[in-house]
Amino acid sequence: MTHVSPARKQSEKALYGGTGSRRITVRDIAAAKERAEKWPMLTAYDAMTASVLDQAGIPVLLVGDSMGNCHLGYESTVPVTMDEMTLLSAAVVRGTRRALVIGDLPFGSYQEGPVQALRNATRLVKEAGVGAVKLEGGERSAHQIELLVQSGIPVMAHIGLTPQSVNAYGGYPVQGRGEEAAQQLLRDAKAVQDAGAFAVVLELVPAELAAEVTRSLHIATVGIGAGPDCDAQVLVWTDMAGMTDGRVPRFVKQYAQLRQGLGDAARAFAEDVVGGSYPAEEHSFH
């Protein structure tokens, strides 16, 4: 019998850099929390981009309602529909082999109560093939989370700044500042954990508070503008890769400048066409 060292076993199980080829599951997320392993998450909205990120080893891909801003041309996430979410989630699932794909429940698809949430989450699971869903809200969404989990649908919660509430916030302010707000965020975190969520996104939360939440929960925390101590970090892929036009949030680090590169390629193509150098002989058939 071949002996496999404990270190190698740990390496094989790693969410990022692991050697396994099967789909990541929520059980893997729980195991990573126990190992104190940090892991990355990115958004994806189409099969081709999802394939690139999957092959890069990103273990969790979120089909976020952020598609409204950066993919569908809306001013916020609020207009995103279940039809749009289902269509694009299915594309991301088809473009991946290993990543756990999580589909967002868009605004208006779960606020009526648990039964509405179950109906729409079931659609994402059955029609799109996602491995989990995400919804916004802490204590106010606990009953929805509880029914989904009881029905066999894994749930990632989302607290702190919840973008679907942009009209109520009047913008995108940092959440959890001040003792009362901090205590409410802690209550929200405990509520989604008690309801059965396997992870919780903390968005625009002071770093010290996010660290306290992470220490107090046995489920994974996923930070976005929440400091370095969360179990995982997520970014919108178009922000991360430099595709977003104009200013990006302070918490974003850009790892490439794809918008400039794509623009340069388009201009080079156009100049070749106008100048008559494309298509050349090697691009032609006889």
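Residues numbered from 1 in each chain as written. Predicted model: local features only at pLDDT ≥ 70, side-chain atom pairs only at ≥ 80, totals over all residues. Heavy atoms only, no water.

Trainee: Please explain the layout of surface pockets as it appears in this structure.
Mentor: Once rolled over the atoms, a probe with the size of a water molecule shows which space is left empty. As a volume, the largest pocket reaches approximately 1300 Å³. Along its surface, the largest pocket is lined by 48 residues, and Ile 224, Asp 239, Pro 249, Phe 251 and Val 252 are the ones closest to its centre. Listed by contribution, the elements that provide at least two residues to the lining of the largest pocket are strand 1 (39–43), helix 4 (67–70), strand 4 (132–136), strand 6 (199–203), strand 8 (232–235) and helix 11 (237–240). It is strand 1 that provides the largest number of residues to the lining of the largest pocket, a total of 4 residues. Per-class residue counts for the lining of the largest pocket are 28 nonpolar, 10 polar and 10 charged. (1 Å grid on protein atoms, 1.4 Å probe; cavity = no way out; pocket = protein on both sides within 12 Å on 5 of 7 lines; lining within 4 Å. Points joined across faces, edges and corners; volume = space filled by probe spheres on them. Helix = DSSP H or I, 4+ residues; strand = E, 2+ residues; numbered from the N terminus. Nonpolar A, V, L, I, M, F, W, Y, C, P; charged D, E, K, R; others polar.)

Trainee: Help me understand the nonpolar core in this model?
Mentor: Note that soluble globular proteins tend to have their nonpolar side chains buried in a common cluster. Membership of the largest hydrophobic core comes to 57 residues, with the highest contact counts inside it found for Leu 61, Leu 105, Val 133, Leu 148 and Leu 202. In contact with Leu 202, other than residues within four places in its own chain, are Ile 159, Ala 210, Val 213, Thr 221, Val 222, Gly 223, Ile 224, Ala 226 and Cys 230. Among the nonpolar cores identified, the runner-up in size contains 20 residues, and Ala 32, Ile 102, Ala 199 and Val 234 belong to it. (Core = buried A, V, L, I, M, F, W, Y, C linked by side-chain atoms within 4.5 Å. Buried < 20%, exposed > 50% of the residue type's maximum accessible area, 1.4 Å probe, protein only. Contact = heavy atoms within 4.5 Å.)

Trainee: Would you mind going over the packing of helix 7 (residues 142–150) against helix 9 (residues 179–195) with me for this structure?
Mentor: Packed helix pairs are specified by the crossing angle of their axes together with the interaxial distance, meaning the distance between the axes. With their axes 8 Å apart at the nearest point, helix 7 and helix 9 run at an angle of 25° to one another. Accordingly, the angle class assigned to the pair helix 7 and helix 9 is roughly parallel. Of the two elements, helix 7 crosses helix 9, and the hand of that crossing is right-handed. For the pair formed by helix 7 and helix 9, the contact residues are Ala 142, Ile 145, Glu 146 and Val 149 on the first element and Ala 191, Val 192 and Ala 195 on the second. When its residues are assigned to classes, the contact of helix 7 with helix 9 shows 6 nonpolar, no polar and 1 charged. (Axes fitted to C-alpha atoms, helices over the stretch in contact; angles between N-to-C directions. Parallel < 35°, antiparallel > 145°, perpendicular 65-115°, else oblique. Left-handed = near helix turned anticlockwise from the far one by under 90°.)

Trainee: Sorry if this is basic, but what is going on with the packing of aromatic side chains here?
Mentor: One pair of aromatic rings is described through two measures. These are the centre distance and the angle between the planes. Taken as a whole and assessed by the stated rule, the structure comprises 1 aromatic pair. With a centroid separation of 6.0 Å and 65° between ring planes, the pair formed by Phe 269 and Tyr 278 is classed as edge-to-face. Residue Phe 269 is classed as partly exposed on the basis of its relative accessible area, which comes to 49%. (Phe/Tyr/Trp six-rings, centres within 6.5 Å; stacked < 30°, edge-to-face > 60°.)

Trainee: Whenever I open this one, the pattern of salt bridges confuses me. Can you help?
Mentor: Here the idea is simple: oppositely charged side chains can pair when their charged atoms come close. With the rule as written, the count across this model stands at 8 salt bridges. Here Asp 28 ties to Arg 22 by a salt bridge, and the two come within 2.8 Å at their closest N and O atoms. Residue classification places Asp 28 among the buried residues on the basis of a relative accessible area of 14%. Of the residues examined, Arg 22 reaches a relative accessible area of 52% and is grouped as exposed. Asp 104 is the salt-bridge partner of Lys 134, the closest N and O atoms lying 2.9 Å from each other. (Salt bridge = Lys/Arg side-chain N within 4 Å of Asp/Glu carboxyl O.)

Trainee: Whenever I open this one, the environment of Leu 202 confuses me. Can you help?
Mentor: Looking at the element boundaries, Leu 202 is found in strand 6. Each C-alpha atom of the pair Leu 202 and Ile 159 lies 5.4 Å from the other, and the pair is 43 residues apart in sequence.

Trainee: For this particular structure, what's the right way to read the pairing of strand 3 (residues 100–104)?
Mentor: The element strand 3 is largely enclosed, with a buried count of 5 among its 5 residues. In terms of strand pairing, strand 3 meets strand 4 through 3 bridges, oriented parallel. Each residue of the ladder has a partner; that of Ile 102, found in strand 4, is Ala 132. Handedness of the strand 3-helix 6 (residues 114–128)-strand 4 crossover: right-handed. (Pairing = 2+ DSSP bridges. Right-handed = clockwise from strand over helix to strand, strands pointing away.)

Trainee: How should I be thinking about the packing of helix 9 against helix 10 (residues 207–216) in this particular structure?
Mentor: Helix 10 packs onto helix 9 with a crossing angle of 30° between their chain directions and a minimal axis gap of 10 Å. In terms of orientation, helix 9 lies roughly parallel with respect to helix 10. Regarding helix 9 and helix 10, the two cross each other, and that crossing is right-handed. Across from Ala 182, Leu 185, Leu 186, Ala 189 and Lys 190 in helix 9, the residues of helix 10 making contact are Leu 209, Glu 212, Val 213 and Ser 216. Within the contact of helix 9 with helix 10, the residues separate by chemical class into 6 nonpolar, 1 polar and 2 charged.

Trainee: What exactly am I supposed to notice about the sheet that holds strand 5 (residues 155–160) here?
Mentor: Through backbone hydrogen bonds, the strands of a sheet pair up, either in parallel or in antiparallel fashion. With respect to topology, 8 strands assemble into a closed barrel ordered 1-2-3-4-5-6-7-8, the strand pairing being parallel. Each strand axis lies, on average, 25° off the axis of its neighbour in the sheet, ignoring direction. Alignment of strand 5 against strand 6, held across 5 bridges, turns out to be parallel. Among the inter-strand pairings, Ile 159 is bridged to a residue of strand 6, identified as Leu 202.

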